[in-house]
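# Close look at the chain arrangement
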Amino acid sequence: MTEPMPFSNATNKGKAPAYSSHMEPAPISQSPEAPKLKVTDLPDVDEPESGQPSTWLDMPAESDDPHALPPAGLFDGVQTFPGDGLPIEDRPLISPLAPMTTLRAEYENGSQMFVKQIDWLMEQGWIGIRRTRGDGDCFYRSLAFAYIERILHATEPAIAVSSAVSVLETTQPLLEQVGFQAMVFEDFYDAFVGLISWVVHPREDGSLLTIASLLEAFNVHEVSNSIVMYLRLLTSAQIKSEADIYSPFLFNPETGDPMDPESFCNNYVEAIGKEADHVQIAALSKVLRANINVAYLDGHDPEGKVSFVSFQNAPDPGAEPVNLLYRPGHYDILDRRHEDPLPPLLV
């Protein structure tokens, strides 16, 4: 397997087109680990008290040890998630909402501890799951989709769009501050902001964003991968801009050796296909000023309870969080609904 290439010092520029409902999803193929420098060259890529969120930066003193933080691969070997039997390259990048019982069925002939935890989640009202392809980009893709969907369903979508776009506008100077050229990120930025703006600003055909068109957009590889790449660059920029805060927690996930921020970001943040860990989640939550809850389905609790880790960075502590489900090496979206809403009837 080739070594990942850092995404920096770009000299070439591609253009990420605004998503159109007439665009067809790109053919699916096996992806390399790292992106090229053009959008069009991005790979067709195929992750306290129980039940109560605990904040990463407010963990007990003993958790100040970076090794005490649960990395993405901590539960590897417990039980690899069984999946739906489809090859990775045949799975959608993002799937429609499905009942949590579909996930439960996959574990019924395996670890009963996982079954107990899934039952506990359903008892707490988490009855739905939105699958993300397990390609190493699942955290960023899940977060991006859930982030936009939260805006789509906001009580006041115009205010939600304005707030999100205002935050994202501040991220461009941050990227330039740490050395990224505008030509590297501006097309990725446009793809992300374009979908958010579509919530309230109709396209030429008069359409506004719906859950169906959001799903369709996220399954167009060029659009989906552009957004993933922008979130990766944002995460990297946040870590580099506050290196003193994050440096004690930067370790090579394969060897456990300490890493400097530049090397860590080049190899494990900016490179496509590299899984996210606590450090990346904390950094992205902070730069997006978003609340993120991660439920850990790990098969460890003898009573079948599921621990939630909360990353609280929204200006309003009560702001609706993005809810993700972590299983060994993989992230999906957790939901209290079991299916997507039907489109409104035409009148």
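The structure presented is a predicted model; accordingly, all values stated were derived computationally and were not measured.

Here we come to the overall build of the protein. Counting its secondary structure elements, the protein contains ten helices and seven strands. Here the protein holds 347 residues, and the buried ones make up 52% of them. For the protein, the exposed area adds up to about 15300 Å²; of that, 53% sits on carbon and sulfur atoms.

Another aspect to go through is the pattern of salt bridges. Side chains that carry opposite charge are capable of pairing whenever their charged atoms lie near each other. Summed over all chains, the structure comprises 16 salt bridges. Its salt-bridge partner being Arg130, residue Asp340 comes within 2.6 Å of it at the nearest N-O pair. Here the residue Asp340 occupies a position in the segment after strand S7 (330–335), and Arg130 occupies one in strand S3 (residues 128–132), the gap between them amounting to 210 residues. The same class applies to Asp340 and to Arg130, which are both buried. For Glu270, the salt bridge goes to Lys240, with nearest N and O atoms at 3.0 Å. Here Glu270, found in the loop between helix H9 (261–268) and helix H10 (278–288), pairs with Lys240, found in helix H7 (residues 221–241); they are 30 residues apart in sequence, far enough to count as distant. Summarising the burial analysis for this pair, Glu270 and Lys240 share the class buried. A cluster of three or more residues bridged by salt bridges with shared partners is formed by Arg130, Glu149, Asp335, Arg337 and Asp340.

This paragraph deals with the side chain of Ser236. With respect to the element layout, Ser236 can be found in helix H7. A residue is classified by how much of its surface remains accessible, and Ser236, at 0% relative accessible area, is buried. Those residues in contact with Ser236, other than ones at most four positions away along the chain, are Phe180, Cys265, Val269 and Glu270.

We now examine the nonpolar core. With 76 residues, the main nonpolar core has Leu195 and Ile196 as its most contacted residues. Top contributing element to this core by residue count: helix H3 (residues 138–152), with eleven residues. Setting aside its immediate chain neighbours within four residues, Ile196 contacts Tyr147, Ile148, Ile151, Val161, Ala164, Val165 and Leu168. Phe114, Leu121, Phe308 and Leu334 belong to the second-largest nonpolar core, a separate cluster that totals 16 residues.

What follows deals with the pairing of S7. Burial analysis of S7 places six of its six residues in the buried class, the great majority of the element. Relative to S7, strand S6 (residues 322–327) is paired through four bridges, and the arrangement is antiparallel. Its bridge partner lying in S7, Leu325 is registered against Asp332. The antiparallel hairpin formed by S6 and S7 contains two residues in its connecting segment, where Gly329 sits at a positive phi of about 80°.

Now for the packing of aromatic side chains. Evaluated as defined, the whole model comprises ten aromatic pairs. Between Tyr147 and Phe192 the ring centres are 5.9 Å apart and the planes differ by 40°, which places this aromatic pair in the tilted class. Of the two residues, Tyr147 sits in helix H3 while Phe192 sits in helix H5 (residues 182–197), which places them 45 residues apart along the sequence. Of the residues examined, Tyr147 reaches a relative accessible area of 2% and is grouped as buried. Taking the relative accessible area as the measure of exposure, Phe192 reaches 0% and is therefore buried. By way of ring pairs, the aromatic residues Phe139, Tyr140, Tyr296, Tyr326 and Tyr331 are connected into one cluster. Over the aromatic face of Trp198 sits the side chain of Arg203, whose NZ or CZ is 4.0 Å from the ring centroid. Lying over the aromatic face of Trp126, Arg336 brings its terminal NZ or CZ to 3.9 Å of the ring centre.

For Arg289, which is not glycine, the phi torsion reads 55° and is therefore positive. Residue class for Arg289 comes out partly exposed when judged on its relative accessible area of 42%.

Take H9 next. Those residues of H9 lying buried are Pro261, Phe264, Cys265, Asn266 and Tyr268. Considering only its buried residues, H9 is in contact with H7, helix H8 (243–246) and H10.

Glancing now at the packing of H3 against H10. Interhelical geometry of H3 versus H10 gives an angle of 30° and a closest axis separation of 12 Å. As the angle between them shows, H3 and H10 are arranged roughly parallel. Considering how the two elements wind past one another, H3 and H10 form a crossing that is right-handed. Between H3 and H10, the residues in contact are Phe139, Tyr140, Leu143 and Tyr147 and Gln280, Ile281, Leu284 and Leu288, respectively. Residue composition of the contact of H3 with H10, grouped by class: seven nonpolar, one polar and no charged.

Reading guide: rules and limits
Chains are numbered independently. Their residues run from 1 in the order of the written sequence. Residue-level local features of this predicted model are given only where pLDDT is at least 70; pairs of side-chain atoms are given and counted only at 80 or more, and the full residue set underlies all totals for whole chains, interfaces and linings. Remark: hydrogens and water are excluded; side-chain values derive from all non-hydrogen atoms of the structure. Segments assigned H or I by DSSP are reported as helices when at least four residues long, segments assigned E as strands when at least two residues long, and all are numbered from the N terminus. Burial here depends on accessible area, computed with a 1.4 Å probe over protein chains only, as a share of the maximum for the residue type. Under 20% is buried, over 50% is exposed, and the range in between is partly exposed. Areas reported here follow the Shrake-Rupley algorithm with a probe of radius 1.4 Å; residue values treat only the protein chains shown as occluding. The working definition used for a salt bridge is a side-chain nitrogen of Lys or Arg within 4 Å of a carboxyl oxygen of Asp or Glu. Residue contacts are defined here by distance: any two heavy atoms, one from each residue, within 4.5 Å place the two residues in contact. As used here, the term nonpolar core means buried Ala, Val, Leu, Ile, Met, Phe, Trp, Tyr and Cys residues forming a set that is joined through side-chain atoms within 4.5 Å. Note: two strands are recorded as paired if DSSP finds a minimum of 2 bridges between them. Note on aromatic contacts: the rings of Phe and Tyr and the six-membered ring of Trp form a pair at centre separations within 6.5 Å, being stacked when their planes are under 30 degrees apart, edge-to-face when over 60 apart, and tilted otherwise. The criterion is that NZ of a Lys, or CZ of an Arg, lies within 6 Å of the ring centre and within 35 degrees of the ring normal, and then a charge sits over that ring. Axis angles are defined between N-to-C directions and span 0 to 180 degrees, where every axis is a line fitted to C-alpha atoms and, for a helix, only to the segment in contact. Angles are sorted into four bins: roughly parallel if under 35 degrees, roughly antiparallel if over 145, roughly perpendicular if 65 to 115, and oblique for all others. Here a crossing is taken to be left-handed if its near helix is turned anticlockwise relative to the far helix by less than a right angle, and right-handed if that turn runs clockwise. Any residue that is not Ala, Val, Leu, Ile, Met, Phe, Trp, Tyr, Cys, Pro, Asp, Glu, Lys or Arg is counted as polar, Gly included; the first ten are nonpolar and the last four charged.

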